[in-house]
Amino acid sequence: MSHHDGPALEAINLSKTFGSLHALKNLCLKVEPGMIYSMLGANGAGKTTTVNLFLNFLEPSGGQAKVLGVNVSTNTSQARSQITYIPEQVALYPDLTGLENLTYFLQLAGHRGPNQPVLRGALEEAGLAPEFHTKRVQGYSKGMRQKVGVAMALVRRSSVLLLDEPMSGLDPASANEFSNILTRLSRQGAAIFMVTHDLYRVKQLSHRVGIMKRGQLVDERETRDLETTELEKLYLEHMRL
Amino acid sequence: MNRTQVQTITAHEIRQGFQNKSFLALTLLVLLLFAVATVVSTNAHRRSQQEIRVLQDTVARQWQEQPSRHPHRVAHYGYLAFRPRSPLGFFDFGVSDFTGNSIFLEAHVQNSANFSEARQDSSLLRFGTLTPAFVFQTLIPLLVIFLVGTTITKERESGTLPQTLSLGVGWKELLLGKTLGNLMLLAMLTGPVLSFVTLPAAYASGSLGEQNLIRLILLAGFYCSDQHYLSTRNQLYLTTPDTCHRSVPASGV
């Protein structure tokens, strides 16, 4: 994990337009190391656009996205090398086993010859039963794929995790395991930015929550100050306005 | 340029290629055709060479057996010269079929070459003759298109492209790795046929001397790389970072 003084993730007046559509308007936010920041919002509010801008999958129309102080637009590879990205559906090669997928992606991320016991350990830690390590991914459920993504984060010990609805569709036990791993990674100093619709997990996991509406960050709170019901009320109020 | 990433992607492409059953089946068929083309072409080349030798001997004998004449009359009697086939003609007939094979040499007259296959044959000749070169020029590029034509789009559709890019892999590394991987995969598949079918067939037919071995390998190599380049160029052009950049996040907003 890299050491950096200052926020691990920072958006400075970050904007994105698609033609006449303002997908994101002057977003300013900071995620400090060790913090879990959850972003709530209706579909189309600009949450995934924010993630894509932090990964530089999209060029910003204005402002800057920084990862550990590095501008992702100008130093994309350097910024990405610090990030583990877990999308809603972790994409893996169906003809390879979970272990082979993990090995391949880790090699691409610069891990030279990660050894099998370490990888198997990470997969087990992520909750994937050993008998599935050497099974082809085409037979995996969504939860099992997510676990391979989590194992990747565990081995890489990334400073920043970008999660785009990582727990949608997971069964409660898997979601709980996933939450525990996120909490542990955050305690180890990882900054986690999570886009989600799950208010219960937001309250359970996050240190800070932001609510987005039509491309704007309309509210931002510390979760310790809120009960789950209050959070839900606040969210629904913003959605109604 | 991150060489480790390029090597990893190259190895991955080769492995994926060997796991693609439809590609392997198609390759097997094309290579079988390549082997057949080699045998057919070598026989045709040998037969043609023998015919030329026989005809040339006949003409030479007729020339020698002329009665005693004035040299000027002998010059007007003329001589038929046949163009010998190139040693590597079995691989690629070249323009022989279109330019004519013999020329009548006589005094005061500048004749053009006669008896081209294209003039005598049906128009089917213009669609190509089954030679190893034809397989390289026409069929292997189709195989290359099948193999690499969707290499990026497939990854984009399955979601592995953003996953790969999010790890800090650059476009240069990705495209170079894929190109090298596919090139090596094709070399691995066509190499054995070239070594174990084409070369022995060429030796057996007597059309390949030792001095032509390197020429043949170079010729085949250039055919391979040229066709691979032409076939992959469009794919690489279509997947420039700019065009991919815009389309990676399908669920952009």
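Residues numbered from 1 in each chain as written. Chains lettered and ligands numbered in written order. Predicted model: local features only at pLDDT ≥ 70, side-chain atom pairs only at ≥ 80, totals over all residues. Heavy atoms only, no water.

K.L.:
Before we move on, can you summarise the overall build of chain B with the specific residues and values?
P.N.:
Looking only at helices and strands, chain B has 11 helices and 2 strands in total. Beginning at the N terminus, the succession of helices and strands in chain B can be written as α-α-α-β-α-β-α-α-α-α-α-α-α. Within chain B, the fraction of its 253 residues that count as buried is 42%. Across chain B, contacts joining residues at least 24 apart in sequence account for 72% of those joining residues at least 6 apart. A total accessible area of about 14,000 Å² is found for chain B, and carbon and sulfur atoms account for 62% of it. (Helix = DSSP H or I, 4+ residues; strand = E, 2+ residues; numbered from the N terminus. Buried < 20%, exposed > 50% of the residue type's maximum accessible area, 1.4 Å probe, protein only. Contact = heavy atoms within 4.5 Å. Areas by Shrake-Rupley, 256 points an atom, 1.4 Å probe, with all protein chains shown as cover.)

K.L.:
Describe a nonpolar patch on the surface, listing the residues and the values that go with them.
P.N.:
All names here are of chain B. A contiguous nonpolar surface patch, about 620 Å² in accessible area, is contributed by Met1, Phe18, Leu176, Leu180, Leu183, Met184 and Met188. A per-element tally of the nonpolar patch places helix α9 (residues 171-204) first, with 5 residues. Turning to its location among the elements, Met188 is positioned in helix α9. (Patch = residues over 30% accessible without salt bridge, like charges linked within 9 Å, V, L, I, M, F, W, Y side chains within 5 Å. Salt bridge = Lys/Arg side-chain N within 4 Å of Asp/Glu carboxyl O.)

K.L.:
Just give me the short version of unusual backbone geometry, but keep the residues and values in it.
P.N.:
Most peptide bonds take the trans form, and the phi angle of most residues other than glycine is negative. All names here are of chain A. Of note in this structure, Asn26 is not a glycine but carries a positive phi near 40°. Within the secondary structure, Asn26 is located in strand β2 (residues 21-31). Positive phi values are uncommon outside glycine, yet Leu68 reaches one of about 50°. Counting through the fold element by element, Leu68 comes out in the loop between β4 (62-67) and β5 (70-71). For Leu68, a relative accessible area of 13% puts it in the buried group.

K.L.:
Could you give an account of the pattern of salt bridges, with specific residues and numbers?
P.N.:
Applying the stated criterion across every chain yields a total of 8 salt bridges over all chains. A:Asp95 is paired through a salt bridge with A:Arg136; the nearest N and O atoms lie 4.0 Å apart. Taken as a pair, A:Asp95 in the loop between β6 (83-86) and α3 (98-108) and A:Arg136 in the loop between α4 (116-125) and α5 (142-156) lie far apart in primary sequence, 41 residues in all. One salt bridge connects B:Glu13 with B:Lys178, and the closest N-O pair in it is separated by 2.6 Å. One end of the pair, B:Glu13, is in helix α1 (residues 3-19); the other, B:Lys178, is in helix α9, with 165 residues separating them in the sequence. Here B:Lys178 falls in the buried class, since its relative accessible area comes to 4%. Salt bridges linked by common partners bring A:Arg208, A:Glu220 and A:Glu222 together as one network.

K.L.:
Before we move on, could you go through the interface of chain A and chain B and cite the residues and values that matter?
P.N.:
Between chain A and chain B, the residue contacts involve 34 residues of the former and 26 residues of the latter. With both chains or domains summed, chain A and chain B bury close to 2,600 Å², and 59% of this area falls on carbon and sulfur atoms. When the buried area of chain A at its contact with chain B is split by residue, A:Phe57, A:Tyr93 and A:Leu108 rank highest and sum to 26% of it. Here chain A is connected to chain B by 1 salt bridge. Two residues, B:Arg15 and A:Glu100, come together in a salt bridge whose shortest N-O distance is 2.6 Å. Across the contact surface, chain A and chain B share 4 residue pairs in polar contact (both at pLDDT 80 or more). Only β2, α1 (47-54), α2 (76-80), β6, α3 and α5 of chain A provide two or more residues apiece to the side of chain A that touches chain B. Its residues placed into classes, the side of chain A that touches chain B shows 19 nonpolar, 8 polar and 7 charged. (Buried area = accessible area lost by both parts, 1.4 Å probe. Polar contact = N/O pair within 3.5 Å; in protein donor to acceptor, adjacent residues only side chain to side chain. Nonpolar A, V, L, I, M, F, W, Y, C, P; charged D, E, K, R; others polar.)

K.L.:
So, the sheet that holds β4(A): which residues are in play, and what are the values?
P.N.:
Residue and element names in this part refer to chain A. Judged by pairing direction, the sheet is antiparallel, and its 4 strands sit side by side in the order β2-β1-β4-β5 without closing on themselves. Strands with a single pairing partner mark the edges of an open sheet, and in this sheet they are β2 and β5. In this structure, β4 lies alongside β5, joined through 2 bridges in antiparallel fashion. Among the inter-strand pairings, Val67 is bridged to a residue of β5, identified as Val70. Strands β1 (9-18), β2 and β4 of the sheet are contacted by α1, whose axis makes an angle of about 115° with β1. (Pairing = 2+ DSSP bridges. Axes fitted to C-alpha atoms, helices over the stretch in contact; angles between N-to-C directions.)

K.L.:
How would you sum up the domain arrangement of chain A? Please name residues and give values.
P.N.:
Accessible area lost upon the coming together of the parts serves often as the stated size of an interface. Residues and elements named next belong to chain A. Split into domains, chain A comes out as domain 1 (1-82 + 159-241) and domain 2 (91-157). Centre-to-centre separation of domain 1 and domain 2, based on C-alpha positions: 25 Å. In this assembly, 17 residues from domain 1 lie in contact with 12 residues from domain 2. The junction of domain 1 with domain 2 conceals about 1,100 Å² of combined surface from both sides, 52% of it contributed by carbon and sulfur atoms. At the junction of domain 1 with domain 2, the criterion picks out 3 residue pairs in polar contact (both at pLDDT 80 or more). Here the side of domain 1 that touches domain 2 takes 6 residues from helix α6 (residues 172-187), the largest share from any one element. (Domains from an automatic or database assignment.)

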